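# Structural characterization, general
As a plain string of letters, each chain reads:
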Amino acid sequence: MNLRLDPRAHAPRALAVQAMGILCVAGGLLAAATAVVPPATAGSEAVTVAVGAASALAGVLLLVGRPLLGEVALGALTLLGTALITFSTHEGGPTGGTADNEILYLWIALYAFYFLTLPNALLQLAIAGGAYAWLVSDLSPADEWMTQWLVTMSTLLVAGLVAAALRGNLYRLVDKLSERASRDELTGLLNRGTLMERFELEHARSRRDDTPISMLAVDVDEFKALNDALGHPTGDKVLREVGTTLEDRTREIDAAARVGGDEFAVLLPGAGGPAAMLVAKDLRAAIARSPAIREVNGTVSVGVSTTGGPACGFGELWQAADAAMYEAKREGGDGVRFRKAGAPGLRAVEPQVRLAAHP
């Protein structure tokens, strides 16, 4: 079995804390029940109840307080759970109500392999195995406890690995769905909704650092006529080529998106008007040189806009870039035009234009 079972280091911490709280409360109530319900424990029922009460209280605190605990803290709580299970089972004795409590180690295994990293989960299982070995060697006949220990620990290991595999499959599915929800299926670029989310992040950084944001609106000239004359497969090929060029010739911090049928947008964080114009002209020329565009003698019009103040939002910036792009179209297409959104006053950070595609 592949031990790299999930693409993330661990499950969400808030859910891990909540699950630990539920297990602690359930374990505490179960300890109290086994102390009260016959048969009687071999040790002190009061101690068993006290241990259960402590576990339940810890669970309530986790559920109510919902602290954001890290890997180390969650691992410590898991170890505490192992200790409580071992202690309460040993206190009950071989004939007490807790005699079969070794099944509770399954809680430890499932929790550790789902919520902790794989090395930590294996460590937790090893510690639980040591605790269980001490427990069964003390409570079971000498000729029986080894087989009992081996069967139990094998079951815990398999159950834990299955839980980890299910978690990995779940997160791979979530990642795949998230990727599909944030990307345009044809070009692989971001979609409009994801571009707006990126803008909000960059807008917050822009206000903090007092830097502008520029937006490019890129539209394929006469795309409807091209589609009607040459067919949709050719049109799709053109759109993919435009998307590839936009992604290859912009910086990693930039964001290229397909926002409509033949309309694209590029977000340029930190870029002022002159730098954005330079990028726009480079992209227009690069698209014109691309094979699929040359085959159909295609061109693009590009509109450029730059924020002029902290109050300038996505709608205002996009509207200005879109208006500039249509201005270029009205003048015959295959051009770049600029229109500023908002008031001036921000310090521009000029980006370097990437003159070669990504490797």
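Starting from 1, residues in each chain are numbered consecutively following that chain's sequence as written. Side-chain atom pairs in this predicted model are given and counted only at pLDDT of 80 or more, local residue features only at pLDDT of at least 70, and totals for whole chains, interfaces and linings cover all residues. Here the side-chain values reflect all heavy atoms present in the structure, with hydrogen atoms and water set aside.

### Details of the environment of A163
Applicable threshold: Elements are defined by DSSP. Helices are runs of H or I of four residues or more, strands are runs of E of two residues or more, and each kind is numbered from the N terminus. Should any heavy atoms of two residues lie within 4.5 Å, those residues are considered in contact.
When you line up the elements, A163 lands in helix α6 (residues 145–182). Distance in space between the C-alpha atoms of A163 and F115 is 9.6 Å, their sequence separation being 48 residues. Those residues in contact with A163, other than ones at most four positions away along the chain, are L110 and Y114.

### Side note on the pairing of strand β2 (residues 255–258)
Definition in use: Remark: exposure states derive from per-residue accessible area (1.4 Å probe, protein chains only) relative to the maximum for the residue type, with buried under 20%, exposed over 50%, and partly exposed in between. When DSSP finds at least two bridges between two strands, those strands are taken to pair.
Side chains A255 and A257 project from β2 onto one buried face, and the interleaved A256 and R258 project onto a second face that is buried too. Pairing geometry for β2 and strand β3 (residues 263–269), over four bridges, is antiparallel. Looking at the pairing, A255 lines up with L267 of β3. Turn length for the β2-β3 hairpin, with the two strands adjacent in sequence and antiparallel, is four residues.

### Quick word on the pairing of strand β4 (residues 300–306)
Sheet faces and side chains relate simply in a regular strand, where the side chains alternate between the two faces. Of all seven residues making up β4, seven are buried, and the element is well covered by its neighbours. Here seven bridges tie strand β1 (residues 213–220) to β4, and the two strands are oriented antiparallel to one another. For L216, the partnering residue across the bridge sits in β4 and is V304. The pairing of β4 with strand β5 (residues 336–338) spans three bridges and is classified as parallel.

### Some words on the layout of surface pockets
Rule in force here: Here a cavity denotes grid points, spaced 1 Å and computed from the protein atoms alone, that fit a 1.4 Å probe unable to get out, and a pocket denotes an open set having protein on both sides within 12 Å along at least 5 of 7 lines; residues with an atom within 4 Å of a point are the lining. Grid points are joined across faces, edges and corners, and a volume is the space filled by probe spheres set on the points. The nonpolar class holds Ala, Val, Leu, Ile, Met, Phe, Trp, Tyr, Cys and Pro. Asp, Glu, Lys and Arg form the charged class, and all remaining residues, Gly among them, are polar.
One number sums up the size of the largest pocket: a volume of about 210 Å³. Forming the boundary of the largest pocket are 13 residues, of which E247, E252, D254, A255 and A256 lie nearest the centre. Of the residues in the lining of the largest pocket, the class split is four nonpolar, three polar and six charged.

### A word on the packing of aromatic side chains
This is how the line gets drawn: The rule is short: rings of Phe, Tyr and Trp, with Trp giving its six-membered ring, pair when the centres are within 6.5 Å, and they are stacked under 30 degrees, edge-to-face over 60, tilted in between.
If you walk through the whole model with that rule in mind, you get four aromatic pairs. Relative to F314, the ring of F199 lies with its centre 5.6 Å away and its plane at 70°, an arrangement referred to as edge-to-face. With a gap of 115 residues between them, F199 in helix α7 (residues 192–209) and F314 in helix α12 (residues 314–330) connect regions that are remote in the sequence. Each member of the pair, F199 as well as F314, carries the same accessibility label: buried. These aromatic residues form a ring-pair network of at least three members: Y111, Y114 and F115.

### Thoughts on the sheet that holds β4
Heads up, the condition is: Note on geometry: axes are C-alpha line fits, over the in-contact stretch for helices, and angles between N-to-C directions span 0 to 180 degrees.
One open sheet holds the five strands; their spatial order is β2-β3-β1-β4-β5, and the pairing between them is mixed. Both edges of this open sheet fall to β2 and β5, since each of them pairs with a single strand only. The mean angle between the axes of side-by-side strands here comes to 20°, regardless of whether they run parallel or antiparallel. Running at roughly 20° to β3, α7 makes contact with β1, β2 and β3 of the sheet.

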